[in-house]
Amino acid sequence: QVQLVESGGGLVQPGGSLRLSCAASGTISSSIAMGWYRQAPGNQRELVAAFTRGGSTNYADSVKGRFTISRDSAKNTVYLRMNSLKPEDTAVYYCRALWSGVLYWGQGTQVTVSS
């Protein structure tokens, strides 16, 4: 069992920045694979950024150059630094983890980009 808790969402103006955090707990190790997805109203849930199986990073084209995913293995925590935010980044952001072949999702944190 894996538990994921997101934090850091909120309201920010266009061009602003936020950092999301996702802490994983449970019967896991530092090798747990984690990433971020988002879902805007009326849209499908989509990949934002994630660590691949090989340890590299994968970003949606729409966020490349603006978002950065990072991790603190000691804390089993993944972060998403979001810079130059745009209104179209408004969505519920979900943390996802893969452990022992099972996908786990956090409850989501709302990010609203508006002036």
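Residues numbered from 1 in each chain as written. Predicted model: local features only at pLDDT ≥ 70, side-chain atom pairs only at ≥ 80, totals over all residues. Heavy atoms only, no water.

**Some details on the sheet that holds strand S7 (residues 67-72)**
Taking strand neighbours across the sheet as the criterion, the four strands line up as S1-S3-S8-S7 in an open arrangement whose pairing is antiparallel. In this open sheet, the two edge strands, each paired with only one partner strand, are strand S1 (2-7) and S7. The mean inter-strand angle of the sheet, taken between neighbouring strand axes irrespective of direction, is 15°. The sheet contact formed by strand S3 (residues 18-26) and strand S8 (residues 77-82) spans six bridges and is antiparallel. Within the sheet, the bridge partner assigned to Ala-23 lies in S8 and is Thr-77. (Pairing = 2+ DSSP bridges. Helix = DSSP H or I, 4+ residues; strand = E, 2+ residues; numbered from the N terminus. Axes fitted to C-alpha atoms, helices over the stretch in contact; angles between N-to-C directions.)

**Some details on the pattern of salt bridges**
According to the stated counting rule, one finds four salt bridges in the structure shown. Here Arg-38 makes a salt bridge to Asp-89, at a shortest N to O gap of 2.9 Å. Of this pair, Arg-38 sits in strand S4 (residues 33-39) while Asp-89 sits in the loop between S8 and strand S9 (91-99), and the two are 51 residues apart along the sequence. Across the pair, exposure class does not vary: Arg-38 and Asp-89 are buried alike. A salt bridge links Arg-66 to Asp-89; the nearest nitrogen and oxygen atoms lie 2.7 Å apart. (Salt bridge = Lys/Arg side-chain N within 4 Å of Asp/Glu carboxyl O. Buried < 20%, exposed > 50% of the residue type's maximum accessible area, 1.4 Å probe, protein only.)

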